[in-house]
Amino acid sequence: MNNTPMKPHILALLHFTRQQELHLIANLSDAERNTTGTPNTGTTKGVWAAKDFLANMLHWKALQTQKLATVQRGEVPPDWTDMKVVHQINVEAFTRYRTSTFQAIEEEAEHVFNAFITQVERMGEEELNDPHYYAWLEGTRLRNEVLNYGFWYPCNQLTICAFQLGKKQLAFQLQEALVEAVRQSTLPDEGVGVAIYNMVCFYATNGEPEKALQHLPEALRLRPTLYEVSKRDSDLESLRANPAFQAILTDPALLALVPLSDLVKPHDLHTSLRGEVPPLVIDVRGSAEYAAGHVEGAVNIPLGNLESQLSQIPRERPVVTYCNMHHQGASRGEQAATKLREQGYQARTLDGGYPNWKAQGFLVEAALQL
């Protein structure tokens, strides 16, 4: 475990986000503060107003505060990995605060933030950063959840809100400030790389190709698994014909850092499972995701537990890992396959993960444990 204290940096990132919220609020006109948004329906995407974004962010911080308190009481906390659950929570937040005044939401946001900070301050360094501290974490770190709901998600929401309101420069400033805040933290290089890559995508999709190309090499050096993503990322479509973009993707120094991408299509995996030497299929998601449905015959080894269970994975069989692959190039399935290849296994990753397997109509089943 890394002995560098992380808690002060986690708290600094949470405070950074709150300052960005206050900065956006200070730049709102009376009309923007008083506008009422429209909800998503079954057929129409709604348009949130500024107060809807603020209400949504405070709602998730409140839920995370409650979750951390639940954890410290020794209870198993709720799981929010199912996107249907996330969507329902967003709908509930919109409905709950729709008739609230901006001032009331602003006051509650301040109260919720203070409660959130107080709760995180109660957490110990090991508790936040040891991937094996809580069994329910299944090899991940509690700080990931804290930063997701207190830093990454709200910063993304603030950027969308600013841009939607026509405050383009404010949105750019937020992205740049976010990257600088991550640089100043002790987050691993991979986290810094993701922050820079997100900024690159924002530049590319909003008319700043030169800035996007300026920062892309660093993003890929810090997070080489994003190389394959960048080749097909729709956010970078405006850069494809640019010679500078092609030069980045063919840079020998960068290519030397890129791990081999070895994806297997669902149809090919389905065929190989009925072959003479079928691969061992490993679901590296959490146990709740696995229990909700998984590839037929797959065993469950969450990514964070993979290294401790290598002795249970036969070396004579090929291995296929998978997750939900929401972020191809940086997905849990691909990380697992890379780790296994480093240990000498013949490991590949299911292209598109479980959602793609299910969409192709191949068999799914409920729980097997290795």
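So, here is what we can say about the structure in this document.

1. Structural notes on the overall build of the chain
Move 1: Summing up its helical and strand segments, the chain has 17 helices and 7 strands in all.
Move 2: A globule of 370 residues ought to have a C-alpha radius of gyration of about 21 Å, and the chain, at 22 Å, matches this closely.
Move 3: In the chain, buried positions account for 49% of the 370 residues.
Move 4: In the chain, of all internal contacts separated by at least 6 residues, the share reaching a separation of at least 24 is 71%.
Move 5: Counting every atom, the chain has about 17,800 Å² of accessible surface; 52% of that belongs to carbon and sulfur.
Move 6: Here the chain contributes 33 positive and 43 negative side-chain charges, whose respective centroids are spaced 2 Å apart.

2. Overview of the environment of R317
Move 1: Structurally, the position occupied by R317 is in the loop between β4 (299–300) and β5 (319–322).
Move 2: Residue classification places R317 among the partly exposed positions, given a relative accessible area of 27%.
Move 3: Separated by 39 residues in the primary sequence, R317 and P278 have C-alpha atoms spaced 7.4 Å apart.
Move 4: Residue contacts for R317: discarding those within four places in its chain leaves P278, P279 and L280.
Move 5: Within polar-contact distance, the side chain of R317 engages the backbone oxygen of P278 at 3.2 Å.

3. Some remarks on helix α7 (residues 142–164)
Move 1: Look at α7: 32 Å from first C-alpha to last across 23 residues, which is about the 33 Å you get at 1.5 Å a residue.
Move 2: Along its length, α7 shows its largest kink, about 50°, at N148.
Move 3: Phi for G166, located one or two positions after α7, is positive at around 85°.

4. Side note on the pattern of salt bridges
Move 1: Overall, the coordinates contain 19 salt bridges when judged by the stated rule.
Move 2: The salt bridge involving K61 is made with E21; its shortest N-O contact spans 2.4 Å. Taken as a pair, K61 in helix α3 (residues 50–72) and E21 in helix α1 (residues 7–26) lie far apart in primary sequence, 40 residues in all.
Move 3: Note that R96 is salt-bridged to E108, the shortest N-O span being 3.9 Å. Taken as a pair, R96 in helix α4 (residues 83–97) and E108 in helix α5 (residues 102–122) lie far apart in primary sequence, 12 residues in all.
Move 4: Its relative accessible area of 27% is what places E108 among the partly exposed residues.
Move 5: Here the salt bridges share partners, and the residues they tie into one network are R18, E21, K61 and E110.

5. Overview of the sheet that holds strand β6 (residues 347–350)
To summarise the sheet geometry, strands pair through backbone hydrogen bonds and adopt either a parallel or an antiparallel arrangement.
Move 1: Taking strand neighbours across the sheet as the criterion, the 5 strands line up as β1-β6-β5-β2-β4 in an open arrangement whose pairing is parallel. The sheet is open, and its two edges are formed by β1 (263–264) and β4, each paired on a single side.
Move 2: Across 4 bridges, the pairing between strand β2 (residues 280–283) and β5 is parallel. The partner of D283 across the bridge, within β5, is Y322.
Move 3: Of the strands in this sheet, β1, β5 and β6 touch helix α16 (residues 332–342), which is tilted by about 175° from β6.

6. A look at the nonpolar core
Move 1: Membership of the largest hydrophobic core comes to 77 residues, with the highest contact counts inside it found for L14, V146, F151, Y197, L220 and L236.
Move 2: Looking at this core, the element that brings in the most residues is helix α9 (residues 189–205), giving 10 residues.
Move 3: Residues contacting F151, with those up to four places away along its chain left out, are L13, L14, F16, T17, V146, L178 and V182.
Move 4: Ranked by size, the runner-up nonpolar core spans 17 residues in total, among them I282, I313, A336 and A347.

7. Some points on the environment of A135
Move 1: Tracing the backbone shows A135 in the loop between α6 (125–129) and α7.
Move 2: For A135, a relative accessible area of 74% puts it in the exposed group.
Move 3: In sequence terms A135 and K339 are 204 residues apart; their C-alpha atoms lie 22 Å from each other.

8. A few points about α16
Move 1: By the burial criterion, the buried members of α16 are G333, E334, A336, A337 and L340. For α16, the arc enclosing every buried residue in end-on projection is 160°, short of the 170-degree limit, so these residues lie on one face.
Move 2: Positive backbone phi, approximately 95°, marks G344, located one or two places after α16.

9. Looking at the side chain of N56
Move 1: Mapped onto the secondary structure, N56 falls in helix α3.
Move 2: According to the relative accessible area criterion, N56 is buried, its value standing at 2%.
Move 3: Excluding residues within four positions of it along the chain, N56 makes contact with W48, N90, A93, Y153 and Q157.

10. Topic: the packing of α1 against helix α8 (residues 168–184)
Move 1: Contact geometry of α1 with α8 gives a least axis separation of 10 Å together with a crossing angle of 170°. One element, α1, and the other, α8, form an angle in the roughly antiparallel class. For the pair α1 and α8, the sense of crossing is right-handed. Contacts from H9, L13, F16, Q20, H23 and L24 of α1 reach α8 at L170, Q173, L174, A177, L178, A181, V182 and Q184.

Cut-offs applied
Residues numbered from 1 in each chain as written. Predicted model: local features only at pLDDT ≥ 70, side-chain atom pairs only at ≥ 80, totals over all residues. Heavy atoms only, no water. Helix = DSSP H or I, 4+ residues; strand = E, 2+ residues; numbered from the N terminus. Rg over C-alpha atoms; globule rule 2.2 N^0.38 Å. Buried < 20%, exposed > 50% of the residue type's maximum accessible area, 1.4 Å probe, protein only. Contact = heavy atoms within 4.5 Å. Areas by Shrake-Rupley, 256 points an atom, 1.4 Å probe, with all protein chains shown as cover. Lys, Arg positive; Asp, Glu negative; His and termini not counted. Charge placed at Lys NZ, Arg CZ, Asp CG, Glu CD. Polar contact = N/O pair within 3.5 Å; in protein donor to acceptor, adjacent residues only side chain to side chain. Expected span 1.5 Å × (residues − 1). Bend = angle between axes of the 7 residues up to and from the residue. Salt bridge = Lys/Arg side-chain N within 4 Å of Asp/Glu carboxyl O. Pairing = 2+ DSSP bridges. Axes fitted to C-alpha atoms, helices over the stretch in contact; angles between N-to-C directions. Core = buried A, V, L, I, M, F, W, Y, C linked by side-chain atoms within 4.5 Å. Arc of directions from axis to C-beta. Parallel < 35°, antiparallel > 145°, perpendicular 65-115°, else oblique. Left-handed = near helix turned anticlockwise from the far one by under 90°.

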